[in-house]
Amino acid sequence: MARENILVVEDEEDILELVSYKLSKEGYGVTGVASGEEALKTARERLPDLVVLDLMLPGLDGLEVCRILKNDPSTHHIPIVMLTAKGEEADIVTGLEIGADDYIPKPFSPRVLVARIRAVLRRTIQAPAGEGDAIQVHDLVIHPGRHQVLVQGKTIDLTATEFRVLHFLARRPGWVFTRYQIVDAVHGYDYPVTDRSVDVQIVGLRKKMGPAGKYIQTVRGVGYRFKE
Ligand code: CA
């Protein structure tokens, strides 16, 4: 199998060096650049398999780079993992909503970095379950056609909105979704869903799911994800 190429965008030299070194050691091909402008140029020329993108960059910042790459038909499929600093929750939310695939908060351990990147590459290669496919994850089975959810073989009774929220999250275990993305996905069914009411839906869902409720994880300041 051809090794995957990763573009690392980071203006702090130490971090760029560390990330590049760890990823090369894992067998990835790595190109490092230190500015948003170079990131765009390199991404367009080389079409990497993944971009590790620091948000705080001089000049064109990470969010702008993310927006441009995700709006460009030739690069929009490339997964982007943001590197974020403390206090950048609002930027993380924006980044996810404009199409970033994941984020890694600084300071990070190199092992976590490698694991997250590997997970994103794996998730990107595997297409998510189709809208109508049954999903089996942990001890949970979700049948969209039957609108049925089984926890350890027992049916649980969900409202239509709760079902939509659960199905949306469970189709992509490990992905973080913002409240807005969840609202957008379940909008227009039986319930006027707002971002705060997503929290209410999640509380109800977790309660009905019992011990399986822990699979719906809160990502503080960002949103929710289904446990990978
Ligand atoms: Ca930086």
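Structure first, text after, so check above.
Being a predicted model, the structure only gives us computed values, none of them experimental.

Draft legend 1. Representation of the sheet that holds strand 10 (residues 176–178). Taken in spatial order, the three strands line up as 10-12-11 in an open sheet, and their pairing is antiparallel. This sheet does not close on itself; its edge strands, each paired only once, are strand 10 and strand 11 (216–219). On average, each strand axis in the sheet is tilted by 35° relative to the strand beside it, whichever way the strands run. When strand 10 meets strand 12 (residues 223–226), the two strands line up antiparallel, connected through three bridges.

Draft legend 2. Main features of the environment of P173. In this structure, P173 sits in the loop between helix 6 (160–170) and strand 10. For P173, a relative accessible area of 24% translates into the label partly exposed. With 25 residues separating them along the chain, P173 and V198 place their C-alpha atoms 18 Å apart. Not counting the four nearest positions on each side in its chain, P173 is found in contact with R123, V137, F226, K227 and E228.

Draft legend 3. Geometry of unusual backbone geometry. Put simply, K106 and P107 share a cis peptide bond, and its omega is -5°. Here P107 is to be found in the loop between strand 5 (102–105) and helix 5 (110–125). Within the chain, H138 stands out as a residue other than glycine whose phi angle is a positive 50°. You can see H138 is positioned in the loop between strand 6 (135–137) and strand 7 (140–143). For H138, a relative accessible area of 33% corresponds to the partly exposed category. For Q152, which is not glycine, the phi dihedral falls at a positive 50°. Positionally, Q152 belongs in the loop between strand 8 (148–151) and strand 9 (154–156). You can call Q152 exposed: its relative accessible area is 60%.

Draft legend 4. Fine view of the coordination of the calcium ion. Looking at the calcium ion, the protein donor atoms are E10 (OE), D11 (OD), E12 (OE), D54 (OD) and M56 (O), and they sit 2.1 to 3.2 Å from it. All donor residues of the calcium ion come from one chain, and their arrangement in sequence is E-D-E-x41-D-x1-M. Here the residue E12 occupies a position in the loop between strand 1 (5–9) and helix 1 (13–25), and D54 occupies one in strand 3 (residues 50–54), the gap between them amounting to 42 residues. You can call E12 partly exposed: its relative accessible area is 39%. Given the relative accessible area of 2%, D54 is considered buried.

Here is what the cut-offs are and how they apply
- Residues numbered from 1 in each chain as written.
- Predicted model: local features only at pLDDT ≥ 70, side-chain atom pairs only at ≥ 80, totals over all residues.
- Heavy atoms only, no water.
- Pairing = 2+ DSSP bridges.
- Helix = DSSP H or I, 4+ residues; strand = E, 2+ residues; numbered from the N terminus.
- Axes fitted to C-alpha atoms, helices over the stretch in contact; angles between N-to-C directions.
- Buried < 20%, exposed > 50% of the residue type's maximum accessible area, 1.4 Å probe, protein only.
- Contact = heavy atoms within 4.5 Å.
- Donors = N, O, S within 2.8 Å, 3.2 Å for Na, K, Ca; no water.

So, to be careful, I would describe these as geometric facts and stop short of saying anything about function.
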